[in-house]
Amino acid sequence: MPTSHSSPSFPFSLPSPSPLIEAVRVRLTTGPERVLAQVNAEVDGRRIRVQLTARTASEAAERLADGLRRRIRAVSTSWRPRPWPPAAPALPPSSSTRIVRVKSPSLVWCSPDAAVRTLDAMDYDIHLFTDPATETDAVVHRLGPTGYRLARTRPAGPPSHPATPLTLSPHPAPPLTDHQAAARLTAADLPHLFFTHPTTHRGRILYRRLDGHLTLLTG
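Remember, it's a predicted structure, so these values are computed and weren't measured experimentally.

Engineer: Sorry, what's going on with helix α3 (residues 178-187) here?
Structural biologist: When we look at burial in α3, the residues that qualify are Ala 181, Ala 182, Leu 185 and Thr 186. Take α3 and look down its axis: the buried residues cluster within an arc of 125°, on one side only. Seen from the open side of α3, the exposed residues pointing more than 90 degrees away from its buried face are His 179 and Ala 187. Contact partners of the buried residues in α3: β10 (192-196), β11 (203-208) and β12 (214-218). Asp 189 lies just past α3 and shows a positive phi near 55°.

Engineer: Sorry if this is basic, but what is going on with the sheet that holds β11 here?
Structural biologist: In a beta sheet, neighbouring strands are held together by backbone hydrogen bonds and run either parallel or antiparallel to one another. Strand order in the open sheet formed by four strands is β5-β12-β11-β10, and the pairing between neighbours is mixed. The open sheet has two free edges, formed respectively by β5 (99-103) and β10, since each of these has just one partner strand. Going across the sheet, the axis of each strand differs from the next one's by a mean of 20°, ignoring polarity. Sheet topology places β11 next to β12; five bridges connect them, and they run antiparallel. Paired with Ile 205 across the two strands is Leu 217, which belongs to β12. On top of the sheet, α3 reaches β5, β10, β11 and β12; it is set at about 45° to β11, its chief contact.

Engineer: Looking at this structure, how should I read the nonpolar core?
Structural biologist: The tendency in soluble globular proteins is for nonpolar side chains to be buried side by side. Counting residues in hydrophobic clusters, the biggest one holds 17 residues, and the most contacted among them are Ala 37, Val 39, Ile 48, Ala 60 and Leu 64. Of all the secondary structure elements, the ones that give two or more residues to this core are β2 (21-30), β3 (35-43), β4 (46-54) and α1 (57-76). Ranked by residue count, the leading element in this core is β3, at five residues.

Cut-off values and rules
- Residues numbered from 1 in each chain as written.
- Predicted model: local features only at pLDDT ≥ 70, side-chain atom pairs only at ≥ 80, totals over all residues.
- Heavy atoms only, no water.
- Buried < 20%, exposed > 50% of the residue type's maximum accessible area, 1.4 Å probe, protein only.
- Helix = DSSP H or I, 4+ residues; strand = E, 2+ residues; numbered from the N terminus.
- Arc of directions from axis to C-beta.
- Contact = heavy atoms within 4.5 Å.
- Pairing = 2+ DSSP bridges.
- Axes fitted to C-alpha atoms, helices over the stretch in contact; angles between N-to-C directions.
- Core = buried A, V, L, I, M, F, W, Y, C linked by side-chain atoms within 4.5 Å.

Dropping the structure here:
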């Protein structure tokens, strides 16, 4: 069963002057062979997240503390690209096409550079947003020679003077039903899939959860 705490029980070494850290929430979910650990917080009003898997709760707490320290330092100083490729935990083998959760947030209109900052701060592998320069739903995700890739629902030129080293997908997001997207993601053994709704043409993300099932993020 998952357990949650309002504040972490581990020490921190933070930049000076220390940033204001609020709304810290730690969640540990135990499984038969591993522990899923996640911490969410606000640092000087900016949301951050760290998520990882470990073999034991004590290992999870130690690695979570280290990850949170690094994330706080990263958002408290000048932004730098995250290392690529990352030392991310491998997803468990799964052929499940079951969508167990649907999230429908209001997409933020922001530049690809701002979307990358959110991707890093929230420890995401892929982030869905709306690009005001093209008025299209788009994603930034970890891929390619620079570690950051931009894809849109419709093809468009590269952003003007990006501060982030982005590679650009030349292909539009494929129009798929949710069932078709789940089948394609599973057949290709992908961690996530960016596609559009066949009727609304809004961007969607389907991604593999650490429990092996799927979550759908709609625009």
